[in-house]
Amino acid sequence: MIYLVLAHPYPSQSRANRVLLDAVRDLPGLEVCSLYDRYPDFDIDVAAEQAALSRAQLVVWMHPLFWYSVPGLLKHWFDQVLSHGWAYGDGAAALHGKDCLWVASTGGTPQAYSAAGVHQRPFADFVPPIEETALFCGMNWLAPCILHGANEIDEPQLAAHARLLRDRLEQWLALQADAAGKAGQAP
Ligand SMILES: Cc1cc2nc3c(=O)[nH]c(=O)nc-3n(C[C@H](O)[C@H](O)[C@H](O)COP(=O)(O)O)c2cc1C
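In this report, we go over the structure that sits alongside the text. (Residues numbered from 1 in each chain as written. Predicted model: local features only at pLDDT ≥ 70, side-chain atom pairs only at ≥ 80, totals over all residues. Heavy atoms only, no water.)

### Describing the pattern of salt bridges
All told, the structure shown has eleven salt bridges when counted by the stated rule. One salt bridge in this structure joins E49 and R38, with 3.7 Å as the shortest N-O distance. Remark: R38 occurs in helix α2 (residues 35-38) and E49 occurs in helix α3 (residues 46-55); sequence separation between them is eleven residues. When the shortest N-O distance is used, the salt bridge between R166 and E170 registers 3.0 Å. Of the two residues, R166 and E170 are both situated in helix α6 (residues 155-184); the distance of four residues between them amounts to about one turn of the helix. Take R166: its relative accessible area is 17%, and that puts it in the buried class. Here the salt bridges do not stand alone but share partners, grouping D26, R163, R166, D167 and E170 into one network. (Salt bridge = Lys/Arg side-chain N within 4 Å of Asp/Glu carboxyl O. Helix = DSSP H or I, 4+ residues; strand = E, 2+ residues; numbered from the N terminus. Buried < 20%, exposed > 50% of the residue type's maximum accessible area, 1.4 Å probe, protein only.)

Take a look at the structure:
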């Protein structure tokens, strides 16, 4: 029901994304694909990825921010998996109506993402390419879950953010269960 695509080139060296993933990996119906573990040679199994997406009602893209964008293998996954005639184009509706949650960690602090900060712009300025990728495929864009200052925050702050992410997914699952219950009721 939830397909979580993790794109961290060195999962074993991750601090932030590892804590975030550990906080949610036992949720019911969650399927995790660690892209760099599964496709170290970038040879993505497109049919398998599309099948996983077809099974899901929520797609999660989780990764550290690299050069204001997604790590290279996630970009390659977009290029390969979100294909014309399947994800977009005339009559293509494989992802229509599915929810999409962007979960990213940044080295930059909230202050760094401001006009006076080192990145010179608010973080919101860097969101549209990812958001439009989801929208172009007909997905519903959920409010992103962004962890800023990922290399500086202390353990309690990181744990609190991980809890927030888990709460978001639990709420999403509860809504789905509720909707399914209502759909199953006799008219
Ligand atoms: C190649 C590379 C590019 C990065 N680019 C950015 C960036 O554009 N903006 C930013 O805020 N942090 C950037 N960072 C910092 C990472 O986002 C940060 O180290 C990561 O989110 C920490 O997560 P982790 O503990 O799971 O590795 C970059 C790091 C690397 C290695």
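Having seen it, we continue.
### Notes on the site of the ligand
Close to the ligand lie 18 residues; H8, S14, N17, S105 and Y113 are nearest. In the model, an oxygen atom of the ligand is placed 2.8 Å from a nitrogen or oxygen of the A16 main chain. Separating a nitrogen atom of the ligand from a backbone N or O atom of W67 is a distance of 2.8 Å. If you map the ligand onto the pockets, it falls in the largest pocket. Among the residues forming the shell around the ligand, the class breakdown is eight nonpolar, nine polar and one charged. (Near = heavy atom within 4 Å. Polar contact = N/O pair within 3.5 Å; in protein donor to acceptor, adjacent residues only side chain to side chain. 1 Å grid on protein atoms, 1.4 Å probe; cavity = no way out; pocket = protein on both sides within 12 Å on 5 of 7 lines; lining within 4 Å. Sits in = over half its atoms within 2 Å of the grid points. Nonpolar A, V, L, I, M, F, W, Y, C, P; charged D, E, K, R; others polar.)

### Quick notes on the pairing of strand β1 (residues 2-6)
Most of β1 is tucked away: five of the five residues are buried. Of the two faces of β1, both are covered, the one formed by I2, L4 and L6 as well as the one formed by Y3 and V5. For the crossover that starts at β1, traverses helix α1 (residues 16-24) and ends in the parallel strand β2 (residues 30-34), the hand is right-handed. For β1 and strand β3 (residues 58-64), the ladder comprises five bridges, and the chain directions are parallel. (Right-handed = clockwise from strand over helix to strand, strands pointing away. Pairing = 2+ DSSP bridges.)

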